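Residue-level structural notes
Each chain, written out:
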Amino acid sequence: DIVMTQPPLSSPVTLGQPASISCRSSRSLVHSDGDTYLSWVQQRPGQPPRPLIYKISNRFSGVPDRFSGSGAGTEFTLKISRVEAEDVGVYYCIQATQFPPTFGQGTRLDIK
Amino acid sequence: QVQLVQSGSEMGKPGASVKVSCKTSGYTFTNYGISWVRQAPGQGFEWMGWIAVYNGHTDYERKFQGRLSMTIDRPTTTVYMELRSLRLDDTAVYYCARVRRPGGPDTWGQGTLITVSS
C-alpha cells in the first residue's frame, strides 16, 4: 500500500496570514490515465470530513478560493492564503491512485 | 443536493455484529460507488472497503476479510455495512463516502459511532 506522510502539526498561524501543509507519498501518485488522484479534506472537531481539493489542485464546489493545492509525483501542498478562525482543524491528504486508498495521519492547524 | 445520511449510534458486545445504513439521495445511485472508512477515537482514517453500486462488486481491506459485508438496496438507494465478530478495537466512528473510482471521496455521511464494550 502507498504510505502518505504528513507532519502532525503545522506552525501556529496568525489570523490573516498564510498557512501551508505538506504531504508526501511513498510512490508516485500519477495514475495510468495520466491524472493524479490526490485530495485534501478538512475535519473540524466533532465533524465529518469536508472535501476541499481533488486531483491535486481542483476545489470542490463551495470551497473558498483561499484554499489551493499544488504538487506533483510524490510531494503535495495545501495552502491557505489568509487563515480564518473557522480553518482550525485537522487536514488530511488522501491518495486514490492506487487501490486501496490511503490517508495521511493528518496535520493540525492552530491559530496563534 | 447530494446527501449521505447514516443510521444512528450503536453499542455492541465483543463477538456481536452491527449493521450501519447509508441512505443516499440527490444523484444517480448507480453512477458511483460507496466506500466505508472508520476513525477510532483521536485517530486518523482507515479505509475498510468499497462497493460498486451498479453491479454489487466489493473490495474489502485485507484485515476485514471474512467479517465485513457491504450490500445495496436499490429501491431505497441505501448501502449497508455489516461488521461481524466485533472486537473492542472496532470502537470508532464509521463513515460512508461517495466515490467514483479512480478518485477519492467527494461526499461523506455524517458518521455513525459504534461502541464495542463488554
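In what follows, the structure referred to is the one given above.
So, a few notes on the structure that sits alongside this text. (Residues numbered from 1 in each chain as written. Chains lettered and ligands numbered in written order. Predicted model: local features only at pLDDT ≥ 70, side-chain atom pairs only at ≥ 80, totals over all residues. Heavy atoms only, no water.)

What follows covers the sheet that holds strand β2 (residues 19-25) of chain A. Pairing within the open sheet is antiparallel, and its four strands lie in the order β1-β2-β7-β6 (chain A). The strands lining the two open edges of the sheet, one partner per strand, are β1 (4-5) and β6 (67-72) of chain A. (Pairing = 2+ DSSP bridges. Helix = DSSP H or I, 4+ residues; strand = E, 2+ residues; numbered from the N terminus.)

What follows covers the sheet that holds strand β7 (residues 68-73) of chain B. All names here are of chain B. Here four strands make up an open sheet; going across it, the order is β1-β3-β8-β7 and the pairing antiparallel. The open sheet is flanked by β1 (3-6) and β7, the only strands paired with a single partner. Adjacent strand axes in the sheet meet at a mean angle of 20°, parallel and antiparallel pairs treated alike. The sheet contact formed by β1 and strand β3 (residues 18-25) spans four bridges and is antiparallel. Within β3, the position partnered with V5 by the bridge is K23. (Axes fitted to C-alpha atoms, helices over the stretch in contact; angles between N-to-C directions.)

For an interface, size is often stated in terms of accessible area lost upon the parts coming together. Listed per partner, the contact involves 18 residues of chain A and 21 residues of chain B. Carbon and sulfur atoms make up 71% of the area that chain A and chain B hide from each other, which totals about 1500 Å². Summed over the three residues of chain A that lose the most area to chain B, namely A:P49, A:F99 and A:F103, the buried surface amounts to 35% of that side. In this assembly, chain A and chain B are joined by one salt bridge. (Contact = heavy atoms within 4.5 Å. Buried area = accessible area lost by both parts, 1.4 Å probe. Salt bridge = Lys/Arg side-chain N within 4 Å of Asp/Glu carboxyl O.)

This paragraph deals with the pattern of salt bridges. Applying the stated rule across the entire model yields 14 salt bridges over all chains. Here A:E75 makes a salt bridge to A:R24, at a shortest N to O gap of 2.6 Å. Here A:R24 lies in strand β2 and A:E75 lies in strand β7 (residues 75-80), a separation of 51 residues in the sequence. On the basis of relative accessibility, which here comes to 37%, the residue A:E75 falls in the partly exposed class. Here B:R38 makes a salt bridge to B:E46, at a shortest N to O gap of 2.8 Å. By relative accessible area, B:R38 is classed as buried at 6%. By relative accessible area, B:E46 is classed as partly exposed at 24%. (Buried < 20%, exposed > 50% of the residue type's maximum accessible area, 1.4 Å probe, protein only.)

Take the side chain of A:R66 next. Residues and elements named next belong to chain A. Relative to the helices and strands, R66 resides in the loop between β5 (58-59) and β6. Look at R66 and you get buried, because its relative accessible area is 7%. For R66, the side chain forms a polar contact with the side chain of D87, separated by 2.7 Å. Discounting residues that sit within four places of it in the chain, R66 has contacts with K79, I80, S81, R82, E84, E86 and D87. (Polar contact = N/O pair within 3.5 Å; in protein donor to acceptor, adjacent residues only side chain to side chain.)

With that out of the way, let us pick up the side chain of A:D87. Relative to the elements of secondary structure, A:D87 occurs in the loop between β7 and β8 (89-95). Contacts of A:D87, omitting those with residues within four sequence positions, involve A:Q42, A:R66, A:F67, A:I80, A:R82 and A:L109.

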